[in-house]
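If you want the building blocks of each chain, they are given just below.
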Amino acid sequence: MGKQLHENICEEHLFSSIFNKHAKDLHNFLYYKFGNLLNPKDKVQEAFIKLWENCAKISPEKAKSFVFTTANNLMLNEVAHQKVVLKHQQTKPKMSTNENPEFLMQESEYNDKLQKALSNLTEAQREAFMMNRVEGKRFKEIAETLGISTKAVEKRIYGALAKLRKDIKEL
Amino acid sequence: MNREELISKWLDNNLNNQEFKAFKNLEDYDELVKLNNNLQAFKADNYDTSKELENVLSAIKSKKQTSTQWFKPLMRVAAILAVCFGLYYYTTTLDTKISTEYAQKTTIELPDASSVSLNAKTYLAFNKKDWKHEREVELYGEAFFKVAKGSSFKVKTTSGIVTVYGTQFNVKQRDNYFEVICYEGLVGVTYNSQETKLKPGDSFLIIDGKTIAKEKENRIMPSWLNNASTFISLPYKTVIAEFERQYNVEVNLIDIDSEQLFTGSFAHDNIDVALKAITLPLPAKYSKSNNTITLKGE
């Protein structure tokens, strides 16, 4: 353990740098885990305000786990274990040029299935899988963010992929 | 390398060229790519870190302001409480003062079971707060004390200090006149730093700085408590002074020696009877006009 440069994070520039480093990850984590209905942006803000209020007690190393735990708890307080539905963005990636009506219909059907299949994943599977697939994060990074082992992350993601494919076929 | 391992490596974005070719040749390659492409549409909302940081910082600042907003009214309340408490403390530690006017008598209870009767034109002060440590009253004028048993009880006058060991005594302090009569128990009188102890019936009298011996007092309480003033061999001027205090009048003497000794009494409730009582023995005549009474020797 190196010597701590700062004992706490009560200085604004220190607080800002922590925010810049972790806020986006935290937001995406909350979004993939709990969906959009419970407003992850607000929870991020609340968690960081709580961090500031307790800044005297928290060292910079502890700040990340503090905001993640706090935001997660804030979410859990509200979530009544309703099904998480991820919002389908309207901006579809333009992959193909032959956008005839049939293709579009197939696409739309596929996306509906995908959306349902995503809702059927467990929270743990979904958060890891979406961070990996959509945010392009490596297993190791996800493991650090979630505070679990790389092996566990791999298992979750692989499991999620298998489940998704199965569900899509069946639906 | 088997299929599972390839997919897992693909998921971790960790395929080398050779592995990638092998992965491409998997039968479910197309399906995986399609799934992956469609998944991109479920990307989280764009998160503008710098904008959100601004929001958080401003929220923190506005919270800080609200915290000072409750602080201010709290200080106001605290200030009011401080003033109230100060006032309360000041008034309760202040001496209690009682005074009587001309022709007025009153009886008051002291903080313990003791009581004091004040004759006309008398001032008495004592401190309620200190009463437990020190039973002490200040007196200008005449008062009759009934002192409850307890620690020593002091009556301070400008002429001397009366210390009480017993229960009932009368103190009279007027211009150049200081008299203490003990009716019950034991009373100590300190005059010119000399203490005289009075037993029941004893009295201590100083007029114009001279000690005057008096007969044993055999009444059980001073006569003024029964609305009469009694004098035994006292200078006529002290009689007139008392008369003035009881009736709130001014008395002028013509052809009368104010130093001559007088024995007798007058009542406090009838000025004509009282005037007769103090003029007949001399003898003298009196005439009244408003608040002035003129006594003329014959």
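Our subject is the structure that appears above.
Just so you know, these numbers come straight off a predicted model, no measurement behind them.

**Student:** Talk me through the overall build of chain B; I want residue IDs and the actual numbers.
**Tutor:** Each helix and strand counted, chain B has six helices and 18 strands in total. Counted over contacts in chain B with a minimum sequence separation of 6, partners at least 24 positions apart contribute 43%. Element-wise, carbon and sulfur atoms account for 51% of the exposed surface of chain B, whose accessible area totals about 16800 Å².

**Student:** So what's going on with helix α6 (residues 139-146) of chain A? Residues and values would help.
**Tutor:** Taken residue by residue, α6 of chain A has Phe139, Ile142, Ala143, Thr145 and Leu146 of chain A as its buried positions. An end-on view of α6 of chain A places all buried positions within 165° of arc, on one side of the element. Away from its buried face, by an angle of more than 90 degrees, α6 of chain A presents the exposed residues Lys140 and Glu144 of chain A. Residues of α6 of chain A that are buried make contact with α1 (12-34), α3 (60-78), α5 (123-133) and α7 (150-170) of chain A together with α1 (3-11) of chain B. Just downstream of α6 of chain A, glycine 147 of chain A is the residue with a positive phi angle, here 70°.

**Student:** Go over the pattern of salt bridges, please, and point to the residues and values.
**Tutor:** Taken as a whole, this structure holds 20 salt bridges over all chains when the rule is applied. Among the salt bridges present, the one from glutamate 127 of chain A reaches arginine 156 of chain A, with a minimum N-O distance of 3.5 Å. Of this pair, glutamate 127 of chain A sits in helix α5 while arginine 156 of chain A sits in helix α7, placing them 29 residues apart in sequence. According to the relative accessible area criterion, glutamate 127 of chain A is buried, its value standing at 5%. Residue arginine 245 of chain B is joined to glutamate 242 of chain B by a salt bridge in which the shortest nitrogen-to-oxygen separation is 2.8 Å. Pair noted here: arginine 245 of chain B and glutamate 242 of chain B are both in helix α5 (residues 236-247), with a separation of three residues, about one helical turn. Classification of glutamate 242 of chain B as buried rests on a relative accessible area of 1%. Where salt bridges share partners, they join Arg165 and Lys169 of chain A together with Arg3, Asp28 and Glu31 of chain B into one cluster.

**Student:** Please set out the state of the cysteines residue by residue, giving values where relevant.
**Tutor:** Residues and elements named next belong to chain A. Scanning all chains against the criterion turns up one disulfide over all chains. With its sulfur 2.0 Å from that of its partner, cysteine 10 forms a disulfide with cysteine 55. Disulfide cysteine 10-cysteine 55: torsion about the S-S bond near 95°, hence right-handed. With a gap of 45 residues between them, cysteine 10 in the segment before α1 and cysteine 55 in the loop between α2 (40-53) and α3 connect regions that are remote in the sequence. Using a relative accessible area of 29% as the deciding quantity, one classes cysteine 10 as partly exposed.

**Student:** Which residues make up the interface of chain A and chain B, and what values do they have?
**Tutor:** Taken together, the contact pairs 47 residues of chain A with 37 residues of chain B. Between chain A and chain B lies a buried interface of about 4200 Å² when both sides are counted; carbon and sulfur atoms form 59% of it. Of all residues in chain A, Arg133, Tyr158 and Arg165 of chain A give up the largest surface area on contact with chain B, accounting jointly for 18% of the area buried on that side. For the pair chain A and chain B, the interface holds seven salt bridges. One salt bridge connects glutamate 107 of chain A with lysine 34 of chain B, and the closest N-O pair in it is separated by 2.7 Å. Taken together, the connections running from chain A to chain B amount to twelve residue pairs in polar contact (both at pLDDT 80 or more). For the side of chain A that touches chain B, the elements supplying multiple residues, two or more each, are α1, α2, α4 (101-120), α5 and α7 of chain A. In terms of residues, the side of chain A that touches chain B owes the most to one element, α1 of chain A, which gives eleven residues. Considering only residue class, the side of chain A that touches chain B consists of 23 nonpolar, twelve polar and twelve charged.

**Student:** So what's going on with the packing of α1 of chain A against α3 of chain A? Which residues, and what values?
**Tutor:** All names here are of chain A. Look at α1 against α3: their axes get within 10 Å of each other, and the N-to-C directions meet at 30°. Classified by the angle between their axes, α1 and α3 sit roughly parallel to one another. Viewed along their axes, α1 and α3 form a crossing whose handedness is right-handed. In this structure, α1 contributes Ile18, His22, Asp25, Leu26, Phe29, Leu30, Lys33 and Phe34 to the contact, and α3 contributes Pro60, Ala63, Lys64, Val67, Phe68, Ala71, Asn72, Met75 and Leu76. Class assignment for the residues of the contact of α1 with α3 results in twelve nonpolar, two polar and three charged.

**Student:** For the environment of isoleucine 142 of chain A, give the residues involved together with the corresponding values.
**Tutor:** Residue and element names in this part refer to chain A. You can see isoleucine 142 is positioned in helix α6. It is 7.2 Å that separates the C-alpha atoms of isoleucine 142 and methionine 131, two residues lying eleven residues apart in sequence. Residues contacting isoleucine 142, with those up to four places away along its chain left out, are Ala128, Met131, Asn132, Lys137, Val153 and Ile157.

**Student:** How would you summarise a nonpolar patch on the surface if you had to cite specific residues and measurements?
**Tutor:** Together, Trp70, Phe71, Leu74 and Met75 of chain B make up an exposed nonpolar region whose accessible area comes to about 450 Å². Relative to the helices and strands, phenylalanine 71 of chain B resides in helix α4 (residues 49-93).

**Student:** A description of the packing of aromatic side chains should follow, citing residues and the corresponding values.
**Tutor:** For any pair of aromatic rings, the description consists of the separation of the ring centres together with the inter-plane angle of the planes. Tallied over the full model, the rule gives 20 aromatic pairs over all chains. Each ring, one from phenylalanine 23 of chain B and one from tyrosine 29 of chain B, has its centre 5.5 Å from the other, and the planes form 85°; the classification is edge-to-face. Here phenylalanine 23 of chain B matches tyrosine 29 of chain B in class, with each residue buried. Judged by centre distance (6.2 Å) and plane angle (75°), the ring pair of phenylalanine 178 of chain B and phenylalanine 204 of chain B falls under edge-to-face. Placement of the pair is phenylalanine 178 of chain B in strand β9 (residues 177-184) and phenylalanine 204 of chain B in strand β12 (residues 203-207), with a sequence separation of 26 residues. By relative accessible area, which is 1% here, phenylalanine 178 of chain B ends up buried. Members of the aromatic cluster, joined through ring pairs, are Phe231, Tyr236, Phe243, Tyr247, Phe262 and Phe266 of chain B. The side chain of lysine 64 of chain A reaches across the aromatic face of phenylalanine 68 of chain A, ending 5.6 Å from its centre. A cation over a ring is seen here: arginine 133 of chain A above tryptophan 10 of chain B, with NZ or CZ 4.6 Å from the ring centre.

The rules behind the values
Residues numbered from 1 in each chain as written. Chains lettered and ligands numbered in written order. Predicted model: local features only at pLDDT ≥ 70, side-chain atom pairs only at ≥ 80, totals over all residues. Heavy atoms only, no water. Helix = DSSP H or I, 4+ residues; strand = E, 2+ residues; numbered from the N terminus. Contact = heavy atoms within 4.5 Å. Areas by Shrake-Rupley, 256 points an atom, 1.4 Å probe, with all protein chains shown as cover. Buried < 20%, exposed > 50% of the residue type's maximum accessible area, 1.4 Å probe, protein only. Arc of directions from axis to C-beta. Salt bridge = Lys/Arg side-chain N within 4 Å of Asp/Glu carboxyl O. Disulfide = S-S within 2.5 Å. Buried area = accessible area lost by both parts, 1.4 Å probe. Polar contact = N/O pair within 3.5 Å; in protein donor to acceptor, adjacent residues only side chain to side chain. Nonpolar A, V, L, I, M, F, W, Y, C, P; charged D, E, K, R; others polar. Axes fitted to C-alpha atoms, helices over the stretch in contact; angles between N-to-C directions. Parallel < 35°, antiparallel > 145°, perpendicular 65-115°, else oblique. Left-handed = near helix turned anticlockwise from the far one by under 90°. Patch = residues over 30% accessible without salt bridge, like charges linked within 9 Å, V, L, I, M, F, W, Y side chains within 5 Å. Phe/Tyr/Trp six-rings, centres within 6.5 Å; stacked < 30°, edge-to-face > 60°. Lys NZ or Arg CZ within 6 Å of the ring centre and 35° of its normal.

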